[in-house]
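The primary structure of each chain is shown beneath.
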Amino acid sequence: MTSVNTDKTDSNKVLDAMKHFSEQYAKRTGTYFCSDLSVTAVVIEGLAKHKEELGSPLCPCRHYEDKEAEVKNSYWNCPCVPMRERKDCHCMLFITPDNEFAGDQQDIELDYILEVREKMGS
């Protein structure tokens, strides 16, 4: 297995910030990450990418004709309106305990997210 670079590059700082946000939000809302933590890693990676590129953590699991317009609209900025109003997370990042896909984790290691990123070739 190759070693993962955990230097805090600018990209990794944003990724770490999105990781921290996700952990804190899950704890605050009583939700959990997916039982398959690679799903969580990919979603956090997508949020971080949008945060870097667009200045806002736009939901990475949707298609947008105009991402900049969607960011300004803020409906799909994480946490999106459906999550804030109904605890309905399309990305399966924040899952209520009664959902069959809910795991028991509200924390994820940055090294794990970086490993998943490396495996995906990002």
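See the structure printed just above.
The following paragraphs examine the structure supplied in this document.

Cut-offs used in this document
Residues numbered from 1 in each chain as written. Predicted model: local features only at pLDDT ≥ 70, side-chain atom pairs only at ≥ 80, totals over all residues. Heavy atoms only, no water. Helix = DSSP H or I, 4+ residues; strand = E, 2+ residues; numbered from the N terminus. Buried < 20%, exposed > 50% of the residue type's maximum accessible area, 1.4 Å probe, protein only. Contact = heavy atoms within 4.5 Å. Phe/Tyr/Trp six-rings, centres within 6.5 Å; stacked < 30°, edge-to-face > 60°. Lys NZ or Arg CZ within 6 Å of the ring centre and 35° of its normal. Expected span 1.5 Å × (residues − 1). 1 Å grid on protein atoms, 1.4 Å probe; cavity = no way out; pocket = protein on both sides within 12 Å on 5 of 7 lines; lining within 4 Å. Points joined across faces, edges and corners; volume = space filled by probe spheres on them. Nonpolar A, V, L, I, M, F, W, Y, C, P; charged D, E, K, R; others polar.

Some thoughts on the environment of Ser35
Step number 1: Position of Ser35 relative to the elements: it lies in the loop between α1 (10-29) and α2 (37-54).
Step number 2: By relative accessible area, which is 53% here, Ser35 ends up exposed.
Step number 3: A C-alpha to C-alpha distance of 9.6 Å links Ser35 and Ile95, two positions 60 residues apart in sequence.
Step number 4: With residues up to four places along the chain from it excluded, the contact list for Ser35 reads Phe101, Ala102 and Gly103.

A short note on the packing of aromatic side chains
Step number 1: What the rule picks out here adds up to four aromatic pairs.
Step number 2: Grouped by ring-pair contacts, the aromatic residues Phe21, Tyr25 and Phe94 constitute a single cluster.
Step number 3: Above the face of the Trp76 ring, Arg62 is positioned so that its terminal group lies 3.6 Å from the ring centre.

Here we look at α2
Step number 1: An ideal rise of 1.5 Å per residue puts 26 Å on 18 residues; α2 measures up with 25 Å between its terminal C-alpha atoms.
Step number 2: Considered for burial, the residues of α2 that qualify are Thr40, Ala41, Val43, Ile44, Glu45, Gly46, Leu47, Ala48 and His50.
Step number 3: Packed against the buried residues of α2 are α1, α3 (67-73) and α5 (110-120).
Step number 4: Positive backbone phi, at 85 degrees, marks Gly55, one or two positions downstream of α2.

Examining empty space enclosed by the protein
Step number 1: Under the defined criterion, the tally for this structure stands at one cavity of 30 Å³ or more.
Step number 2: Here the largest cavity is characterised by a volume of approximately 90 Å³.
Step number 3: Taken together, 13 residues line the largest cavity, and the ones lying closest to its centre are Cys59, Cys78, Cys80, Cys89 and Cys91.
Step number 4: In terms of residue class, the lining of the largest cavity is built from 12 nonpolar, one polar and no charged.

All quantities given are derived from atomic positions and should not be read as evidence of function.
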